[in-house]
Every structure is written in C-alpha cells, then in structure tokens.
Amino acid sequence: MSYIVDLLLNQIFTQPFLLLAIVVFIGYMAMKQTVSKALIGAFKASIGIIVMGIGSGALSTNFGHLLTALRNSTGLQGAGLNTYSTMTAGFEKMDAVLGSGVGTTWGLYTLLVAFIMNLVLVALRKWTKIRAIYLTGNAMIVQCGISVYIVWRFLGTGMIPTILIASALTALYWGICSTILIKPTKVITGGADLTVAHQQMLMDYVAYKVAPKIGDPKKDDIEKKKLPSSLNFLQDSLLATLLCMLIATAVIMLVIGGDGIEAMRGADGFNQPTYKNTVIFMLWIAITLTADLWVLLTGVRMFVGELMMSFKGISEKLLPGAVAGVDCAALYGFAPKSVVLGFLCGAVGQIAGVVILIVTGSPIVLIPSFIPLFFDGATVGIFANKFGGWKALVVICFCTGLIQIFGSALAVAMLDLTWWQGVSDYATIWGAISAVLKGLGSLLGIPVSG
C-alpha cells in the first residue's frame, strides 16, 4: 500500500509531464479516439512539458547567475524572492520541529487533497460558479507546500486538520482566481478554451479591469504598432527579446564591475572562462538567455496544442463546462511584444521598490529573482496591453513590481523566512491569508510555530 501511495504522490501526481499526459490521454479517450492517437497526444504533451521545463530551468538558472553576481557585488543582504526556495525554507522550519521529511509529506498530501477539492468545486459549478481546473503542476507543488507551512505556523494544528485547511484554501484560490480569467484569456487567445493557472492571477484580473481606464487598446495596442524602418528588426519577437536581454546584461555588468564579471566567468557563475573579452561574454549571456526563453515557448506550444484538443473531451464528457487552467507561458506566443515590455516595466518597479526599502531604512531588503520578475511582468503585461494598450501596460506592470516588493516584505516579516515567492498573488492574497491566520491564532492563544 505504501508503495502505491508513493507511486501516486511522489512519482506520478507531482510530475507535471505525467499529470498532463494522463489528462490528455483521458481527454482523447473521452472523445472516443483510438488508443494510439490518445497515446501519441499524451506523449507529445509530455515532451512539450519536458522541453518547457528545460527552457524554464535554464532561463531561471542563467539569469540567477546575473542576480547572484549583483547581490555579491553590492553587498545587499536580505530575503530572496524565489518560488521553490520558499517551499524548501518552509519545509525546513517544519522538519526542525516535527521531524525530518514531515514538511514534504504534508505538502504532498495537501497537493492531492487540494486537487480533488478543485475537481469537486468544478463538478458543483452550478452552485460554486467555479469552472477552471488548475493544471500547472510545478506551481501546484510549490503553492501547497507554502500553504501547509502557513497553516501550521499560525494555527499549530496536527497533520489532518493542517492538510484539510491548507487544501481548502489552496483549492479555492485555484478555482476562483483561474475562473475569473476565463473570459479575458479567451479574448487574448482568440477563442481558446483555456485559462491562466499561475501565481499572478489577481493582478492579471486587475489589469483586465483597470487597463481600459488608463489607455485605449484599439489605438495603443503594442502588438499592432509599427516601428520605424530603421527598427524593423524589433518586429521580430526573437530579436526584440535578444535586445532586452542584452540591455539587462549590460546594466548589471556596469554595476558589478570587473571583479563581479570575472566571478561570473568562474565555476560558481556561468563557468565560461574562455570568454575573456567582456563584450563577447556579454553577448554570449544575452543570446543564451534568449535561446532559453525560445526553448520554453517551443515546449509550451507543444503541450498546449495537445491539451486544447484533448480537454474538449474532458469538458464535454466528464466535466461539462470545465476549462483547463494552464501555465501563464501559454499566452506568450500570442503577445510577444507585451511579454518583453511587461518584463522590463515590472523589473523597473521592483528595482524602485528595493531602492525605497533601502532609503527608508527597512530592516528587510529583498533580492529580486527572475521568476517573479519575468513571469509576473510578462503575463500581467499581456492582459494590460490587450485591454488598455501600452500605456496601461507600463503603469500597471510598474505598480505590480512595487506591490511584489512591499507585499513580500510584509510577508517575510510575518512568516520569518529567508525566502518568499515574490510573485504578486503571494504579495497580496496569500499575504492577507497569512495575516488573517496569524490574527486568528493570536485570538485563540495559539503560539506561533517554527
């Protein structure tokens, strides 16, 4: 029995490439397709997930080298903003009190129960109004790990109540926030029956609602803007991305100086000692980051295509009216210019927020990370531009960067972690949930755990 539980929880359900492959297979079979076609679709989706993971992992790692060099050179100390590190930090706190491996175990059970709850909420959509099934496996793992830590820290409950409470909070977050994005996502994708299931869903919705009040999407849509003939090469999303990566790399190199650049060449950085010329090294970094992003997008196109085809079977046969909630990167191919501009404006907002923390003498200084910088800025930027044009994108993404910093600083203070997610939903919704649970625990006289 323990082997079966381990197989389901640790080797199947927590692996996105298997989870989505199973979903695709079930979808094709529900449409009464042949087993061979269902298997082909499942394997294509699985390969797409792996390819996306390769690109995403390489992108995060390589950009992380730049941020690490920046942190080492400036001497800034504080909490880092990173998704997986936050989950690990919470588990370490739990394990120190409850025993080795407890945090991970509770997190995995929360993942299973939360997913079942999400399905039940969709099955009862006549009353719940929830239609979206959250299928972004990597985000699901992290979110369940963090939610179980938050509940345990402030309520001090045992295994079963902690898992149930954390699962209910997470399932409601998944269902509600991904459901409210169904309508705008359909507009962005030109009619695709999917929605965003990630970690900036509230800000996506805010952008959708606020953007029309800031700009005119018909007049200011950045995706439809034509550049001067001398800048026509920027119409190519690949080259535009390369230029942005080149600018970001150049700025960081100017800040860290010669010693920092030399450290980046070493084994603790990019491990590229042969690139002794700084300009060539800078160009190699920018091209590598661009290639990483392109690999990510290629994988996304593969699995989203299969998922969209197969999920029709699930929604029509098994859960009529259900909508697949997928990784936010699934939208990037629909608005490549918004992705780049959103990332840049969000980055400026985060940098401004960090500067404000330093100038005001904040006891907590946050170190930005690529994941919240890129994926939040890019995704919020797509919604802002689609419904309000580039002016709305600039304002909303800049404000998103500020919110990420200030909200995360408050969360770190409450949760006593050296890492925090940094994404906008965890600087707002989950920061508020943490505050409510902290207040409830205090009211009940429950000592803070960890």
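Treat the numbers as computed from the prediction; the structure is a model and nothing was measured.

### Points about the overall build of the chain
A count of helical and extended segments in the chain gives 17 helices and 6 strands. Scored against the burial criterion, the 450 residues of the chain give a buried share of 52%. Long-range pairs, those at least 24 residues apart, make up 79% of the contacts in the chain with a sequence separation of at least 6. By element, 69% of the accessible surface of the chain is carried by carbon and sulfur atoms, the whole surface being about 18,900 Å².

### Brief notes about the packing of aromatic side chains
One pass over the structure, following the stated rule, counts 16 aromatic pairs. Ring plane angle 20 degrees and centroid distance 5.0 Å describe the contact between tyrosine 134 and tryptophan 174, whose orientation is recorded as stacked. Taken as a pair, tyrosine 134 in strand β2 (residues 132-134) and tryptophan 174 in helix α8 (residues 159-179) lie far apart in primary sequence, 40 residues in all. Judged on exposure class, the residue tyrosine 134 and its partner tryptophan 174 are both buried. Cluster of aromatic residues (ring-pair linked, three or more members): Tyr173, Trp420, Tyr426 and Trp430.

### Quick word on the packing of α8 against helix α17 (residues 429-443)
A pair of packed helices is characterised by two quantities: the angle between their axes and the separation of those axes. Relative orientation of the contacting elements α8 and α17 amounts to 150 degrees, with a least axis distance of 13 Å. Here α8 runs over α17; the crossing is right-handed. Every residue of α17 that contacts α8 at Leu169, Thr170, Tyr173 and Cys177 is listed here: Ile429, Trp430, Ile433 and Leu437. Residues belonging to the contact of α8 with α17 are distributed by class as follows: 7 nonpolar, 1 polar and no charged.

### A few points about the packing of helix α4 (residues 83-98) against helix α5 (residues 102-123)
Across the interface, α4 lies against α5 with an axial gap of 7 Å and an inter-helix angle of 120 degrees. In terms of orientation, α4 lies oblique with respect to α5. On α5, the residues that touch Phe91, Met94, Asp95 and Leu98 of α4 are Val102, Gly103, Thr104, Trp106 and Gly107. Looking at the contact of α4 with α5 residue by residue, the classes come out as 5 nonpolar, 3 polar and 1 charged.

### Re a nonpolar patch on the surface
On the surface, Met29, Val35, Leu39, Phe43, Ile47 and Met302 cluster together into a nonpolar patch covering about 520 Å² of accessible area. No other element matches helix α3 (residues 35-74), which puts 4 residues into the nonpolar patch. The residue methionine 29 is located in helix α2 (residues 16-30) in this model.

### Looking at the sheet that holds strand β3 (residues 194-196)
Taken in spatial order, the 3 strands of this open sheet run β2-β4-β3, and their pairing is parallel. Sheet topology places β2 and β3 at the edges, where each strand pairs with a single neighbour. In this sheet, adjacent strand axes meet at a mean angle of 35 degrees when their direction is disregarded. Against the sheet, α8 engages β2 and β3, with an angle of about 130 degrees to β2.

### Observations concerning the pairing of strand β4 (residues 323-326)
Residues Val323 and Gly325 of β4 are buried on one face, and the alternating residues Ala324 and Val326, pointing to the opposite face, are buried as well. Bridge analysis of β3 against β4 gives 3 bridges, and the strand direction is parallel. Paired with leucine 194 across the strands is alanine 324, a residue of β4.

### Structural notes on the pattern of salt bridges
Taken as a whole, this structure holds 2 salt bridges when the rule is applied. One salt bridge connects lysine 93 with aspartate 416, and the closest N-O pair in it is separated by 2.9 Å. Taken together, the residues span a long stretch of sequence, with lysine 93 in helix α4 and aspartate 416 in the loop between α15 (370-415) and β6 (419-420) at a distance of 323 residues. Judged by relative accessible area, aspartate 416 falls into the partly exposed class, the value being 43%.

### With respect to α5
Taking 1.5 Å per residue, 22 residues should reach 32 Å; α5 reaches 32 Å between its end C-alpha atoms and fits that length. Within the sequence span of α5, burial applies to Val102, Gly103, Trp106, Gly107, Leu108, Thr110, Leu111, Ala114, Phe115, Asn118, Leu121 and Val122.

### Focus on the nonpolar core
Among the nonpolar cores identified, the biggest contains 123 residues, and Trp174, Met264, Tyr332, Phe383, Leu415 and Trp420 are the most heavily contacted of them. At 20 residues, α15 tops the list of elements feeding residues into this core. Ignoring any residue separated from it by four or fewer positions in sequence, one finds tyrosine 332 in contact with Leu297, Val339, Phe374, Phe375, Ala378, Thr379 and Ile382.

### Quick notes on the confidence of the model for the chain
Residues at a pLDDT of 70 or more form 89% of the chain, whose mean pLDDT is 84. Ranking the elements of the chain by mean pLDDT puts helix α1 (residues 2-13) last, at 63, and helix α10 (residues 201-214) first, at 96.

### Digging into α4
Helix length check: α4 (16 residues) gives 23 Å between terminal C-alpha atoms against 22 Å at 1.5 Å per residue, within 8%. Every buried residue of α4 is listed here: Thr83, Thr86, Met87, Ala89, Gly90, Phe91 and Met94. Glycine 99 sits one or two residues past α4 and shows a positive phi near 120 degrees.

The rules we used
Residues numbered from 1 in each chain as written. Predicted model: local features only at pLDDT ≥ 70, side-chain atom pairs only at ≥ 80, totals over all residues. Heavy atoms only, no water. Helix = DSSP H or I, 4+ residues; strand = E, 2+ residues; numbered from the N terminus. Buried < 20%, exposed > 50% of the residue type's maximum accessible area, 1.4 Å probe, protein only. Contact = heavy atoms within 4.5 Å. Areas by Shrake-Rupley, 256 points an atom, 1.4 Å probe, with all protein chains shown as cover. Phe/Tyr/Trp six-rings, centres within 6.5 Å; stacked < 30°, edge-to-face > 60°. Axes fitted to C-alpha atoms, helices over the stretch in contact; angles between N-to-C directions. Left-handed = near helix turned anticlockwise from the far one by under 90°. Nonpolar A, V, L, I, M, F, W, Y, C, P; charged D, E, K, R; others polar. Parallel < 35°, antiparallel > 145°, perpendicular 65-115°, else oblique. Patch = residues over 30% accessible without salt bridge, like charges linked within 9 Å, V, L, I, M, F, W, Y side chains within 5 Å. Salt bridge = Lys/Arg side-chain N within 4 Å of Asp/Glu carboxyl O. Pairing = 2+ DSSP bridges. Expected span 1.5 Å × (residues − 1). Core = buried A, V, L, I, M, F, W, Y, C linked by side-chain atoms within 4.5 Å. pLDDT = per-residue confidence, 0-100.

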